[in-house]
Amino acid sequence: MRAEPGRPRVRAGSVAATALAAATALAAALALTGCSGADPADVAVTPTATGFGGQAPVDGSRNGIETVDGPTALRDVLRAVRSRSVVATGTVTELVPDPAAGNGTAAREGSGDTVPGRTIRFAYRGVPDDSSLRLTVGDVTLDARRRGDEVWVRGNRAFAERTGLDDATTGRVCVAAGSSALRTFAPFTTPEDLLQALLGADADVTLHPGAVTGSGKAARAQVVVASGSSPVGSLEVSAVGQPLPYSLRAADGTGTVSLSFSSWGADLGLADPDDVVDDC
């Protein structure tokens, strides 16, 4: 019987509060805090163009995502993402006080020098129940192929030590999709879970739909992501058809988030699990 690894502790209060939950020996998280100030509802959003002030687009060609409030926008985006195939890639990087600066407290508060710290890199293809995922969390790497409720996973020695899956260093080991070995690395196992973690209620950020750029099928709505009274990033979603996301960029003095989404609805032709050493 394999031991249950501990669940990560998460520091709340940021656009990436859950994003680096696995980054420090599965125990701490990166927080993008922003500056405190006015109520989030009073954030002054200054996009390059404005929405329709709550009125539907006159030509009926757009989905109106720029006219709704933040919670409605997130709900609609998550619903659009839920069952569609996608290629998603991204990086989450922590910024830590520069040891050479000699003032760690000031750096953490955003007034001192910082340098890149721990990093998560991921590449996802597919739909939630038929997908491939490659993930690097600090010194941990894993490669997972999911079909239905079963996942064939392999990884490096650091992954094996944290999950108890010793054979995963020599090939793929089959585990249940809900196993503790994979829950440890949530929310990176599906795009919907990742967006919910970064932008949902627990992340302590607000969304402010506004600008629409481009035309025709290439029209994109820019949704400002704010923490407190400070804009910290932007979520770009389709302004035509389903409000599918295409990018999320966020940053402040404690870290950066960069996500890209493409090939929505495409047949990605995922291969069968290879190098299986412990099948289901």
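Everything below is about the structure shown above.
My aim in this report is to walk through the structure given alongside it, one point at a time. Predicted model only: the values in this text are computed from it and were never measured.

Next up on the list: the overall build of the chain. Looking only at helices and strands, the chain has five helices and 12 strands in total. At a minimum sequence separation of 6, the contacts of the chain that also span at least 24 residues come to 52%. Of the accessible surface of the chain, which amounts to about 12,800 Å², a share of 48% is contributed by carbon and sulfur atoms.

Turning our attention to the pairing of strand E4 (residues 140-147). Relative to E4, strand E3 (residues 130-137) is paired through eight bridges, and the arrangement is antiparallel. From the neighbouring strand, Val-137 faces E4, where its bridge partner is Val-140. Counting the residues that bridge the hairpin from E3 to E4 gives two residues, and of these Gly-138 lies at a positive phi of roughly 60 degrees. In this structure, E4 lies alongside strand E5 (residues 150-155), joined through six bridges in antiparallel fashion. In the sheet register, Asp-143 faces E5, and the bridge partner there is Arg-154. Two successive antiparallel strands, E4 and E5, enclose a turn made up of two residues, where Gly-148 displays a positive phi of approximately 60 degrees.

Before going further, it helps to spend a moment on the packing of helix H1 (residues 70-81) against helix H5 (residues 191-199). Between H1 and H5, whose axes approach to 9 Å, the crossing angle comes to 165 degrees. One finds that H1 runs roughly antiparallel with respect to H5. As for how H1 packs across H5, the hand of that crossing is right-handed. Listed contacts from H5 to Leu-74, Val-77, Leu-78 and Val-81 of H1 are Pro-191, Glu-192, Leu-195, Gln-196 and Leu-199. Its residues assigned to classes, the contact of H1 with H5 shows seven nonpolar, one polar and one charged.

What follows is about the packing of aromatic side chains. One pass over the full model with this rule turns up three aromatic pairs. Between the aromatic rings of Phe-159 and Phe-185, the centroid separation amounts to 5.9 Å while the plane-to-plane angle is 35 degrees, which identifies the pairing as tilted. Taken as a pair, Phe-159 in helix H3 (residues 157-163) and Phe-185 in the loop between helix H4 (180-183) and H5 lie far apart in primary sequence, 26 residues in all. Classification of Phe-185 by relative accessible area gives buried; the value is 3%.

The strand order across the open sheet formed by 12 strands is E7-E8-E9-E10-E11-E1-E2-E3-E4-E5-E6-E12, and the pairing between neighbours is mixed. A single partner strand is all that each edge strand has here, and the edge strands are strand E7 (206-213) and strand E12 (276-278). Between one strand and the next, the sheet's axes are offset by a mean angle of 20 degrees, whatever the strand orientation. Sheet topology places strand E1 (residues 86-97) next to strand E2 (residues 114-127); 11 bridges connect them, and they run antiparallel. Across the sheet, Val-86 pairs through a bridge with Gly-126, a residue of E2. Contacting E1, E2, E7, strand E8 (220-227), strand E9 (230-238), strand E10 (245-252) and strand E11 (255-262), H5 runs over the sheet at an angle of about 145 degrees to E11.

All right, on to the pattern of salt bridges then. Pairing between side chains becomes possible if they bear opposite charge and their charged atoms approach one another. Applying the stated criterion to the full structure yields 14 salt bridges. The residue Arg-118 makes a salt bridge to Glu-94 at a minimum N-O spacing of 2.3 Å. Of this pair, Arg-118 sits in strand E2 while Glu-94 sits in strand E1, placing them 24 residues apart in sequence. Given the relative accessible area of 2%, Glu-94 is considered buried. We note a salt bridge from Arg-154 to Asp-143, for which the minimum N-O separation is 3.4 Å.

Glancing now at a negative patch on the surface. Among the surface-exposed residues, Asp-129, Asp-149, Glu-150 and Asp-279 lie close enough to one another that they form a single negatively charged patch. Mapped onto the fold, Asp-149 is located in the loop between E4 and E5.

Each neighbour pair has its own omega, and for Ala-186 with Pro-187 the value is 15 degrees, a cis peptide bond. One non-glycine residue, Asp-275, adopts positive backbone phi at about 50 degrees. Locating Asp-275 in the fold gives a position in the loop between E11 and E12. What makes Asp-275 partly exposed here is its relative accessible area of 49%.

About the criteria used
- Residues numbered from 1 in each chain as written.
- Predicted model: local features only at pLDDT ≥ 70, side-chain atom pairs only at ≥ 80, totals over all residues.
- Heavy atoms only, no water.
- Helix = DSSP H or I, 4+ residues; strand = E, 2+ residues; numbered from the N terminus.
- Contact = heavy atoms within 4.5 Å.
- Areas by Shrake-Rupley, 256 points an atom, 1.4 Å probe, with all protein chains shown as cover.
- Pairing = 2+ DSSP bridges.
- Axes fitted to C-alpha atoms, helices over the stretch in contact; angles between N-to-C directions.
- Parallel < 35°, antiparallel > 145°, perpendicular 65-115°, else oblique.
- Left-handed = near helix turned anticlockwise from the far one by under 90°.
- Nonpolar A, V, L, I, M, F, W, Y, C, P; charged D, E, K, R; others polar.
- Phe/Tyr/Trp six-rings, centres within 6.5 Å; stacked < 30°, edge-to-face > 60°.
- Buried < 20%, exposed > 50% of the residue type's maximum accessible area, 1.4 Å probe, protein only.
- Salt bridge = Lys/Arg side-chain N within 4 Å of Asp/Glu carboxyl O.
- Patch = residues over 30% accessible without salt bridge, like charges linked within 9 Å, V, L, I, M, F, W, Y side chains within 5 Å.
- Lys, Arg positive; Asp, Glu negative; His and termini not counted.
- Charge placed at Lys NZ, Arg CZ, Asp CG, Glu CD.

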